[in-house]
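What follows is each chain in one-letter form.
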Amino acid sequence: MIDWAFALKILPTLGRAAIVTVEATILGFAIAATLGLVLAIARMARRRWIAWPVAGFIEAIRGTPLLIQIFFL
């Protein structure tokens, strides 16, 4: 049986949590897009001392599972 009184009581909290989730998603996308663009431009640099370390970093990130990356962080 559904307790509607409890459901109405926690609805404002769920609404605030949904807003925080959307904000975190937008912020994460903005950071990822900016960092991705910077790394892509750096990888295409003509100077090898810039392009090679960036390429190595990108390949290391792409080659490891996300869970391992989280452990490193």
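Residues numbered from 1 in each chain as written. Predicted model: local features only at pLDDT ≥ 70, side-chain atom pairs only at ≥ 80, totals over all residues. Heavy atoms only, no water.

**Side note on the overall build of the protein chain**
Heads up, the condition is: Segments assigned H or I by DSSP are reported as helices when at least four residues long, segments assigned E as strands when at least two residues long, and all are numbered from the N terminus. For this measure, only C-alpha atoms enter the radius of gyration; the expected value for a globule follows 2.2 Å times N^0.38, where N is the number of residues. All accessible-area figures derive from a Shrake-Rupley calculation using a 1.4 Å probe, and residue coverage is judged against the displayed protein chains alone.
A tally of helices and strands in the protein chain yields three helices and zero strands. Shown N-terminal to C-terminal, the secondary structure of the protein chain runs as helices and strands in the order α-α-α. The C-alpha atoms of the protein chain give a radius of gyration of 21 Å, which is well past the 11 Å a tight globule of 73 residues would have. When the accessible area of the protein chain is evaluated, it comes to approximately 6700 Å², of which 76% is carbon and sulfur surface.

**Side note on a nonpolar patch on the surface**
Our working definition: The patches described consist of residues with a relative accessible area above 30% and no salt bridge, like charges being joined within 9 Å and nonpolar side chains (Val, Leu, Ile, Met, Phe, Trp, Tyr) within 5 Å. Should a side-chain nitrogen of Lys or Arg be within 4 Å of a carboxyl oxygen of Asp or Glu, the pair is scored as a salt bridge.
The grouping of Leu66, Leu67, Ile68, Ile70, Phe71 and Phe72 at the surface amounts to a nonpolar patch, some 710 Å² of accessible area in total. Following the sequence through the fold, isoleucine 68 ends up in helix H3 (residues 66-72).

**Considering helix H2 (residues 48-63)**
Our working rule: Expected helix span is taken as 1.5 Å per residue step, with the number of steps being one fewer than the number of residues. Any two residues having at least one pair of non-hydrogen atoms within 4.5 Å are treated as being in contact.
Counted at 1.5 Å a residue, the expected span for H2 with its 16 residues is 22 Å, and the 22 Å between its end C-alpha atoms agrees. Looking at the buried side of H2, the elements it contacts are helix H1 (4-43).

**Considering the pattern of salt bridges**
Here is the rule: Partly exposed residues are those whose accessible area sits between 20% and 50% of the maximum for their type, while under 20% is buried and over 50% is exposed, using a 1.4 Å probe and protein chains only.
Counted under the stated rule, the structure contains two salt bridges. Where glutamate 59 meets arginine 43, a salt bridge forms, and the shortest distance between an N and an O atom there is 3.4 Å. You can see glutamate 59 sitting in helix H2 and its partner arginine 43 sitting in helix H1, a full 16 residues away along the chain. We classify arginine 43 as partly exposed; its relative accessible area is 34%. Put simply, glutamate 59 and arginine 62 hold a salt bridge, and the shortest N to O gap is 3.6 Å. With glutamate 59 and arginine 62 both in helix H2 and three residues apart, this pair spans about one turn of that helix. Overall, arginine 62 belongs to the exposed group, its relative accessible area being 64%. Each of Arg43, Glu59 and Arg62 takes part in a single network of salt bridges with overlapping partners.

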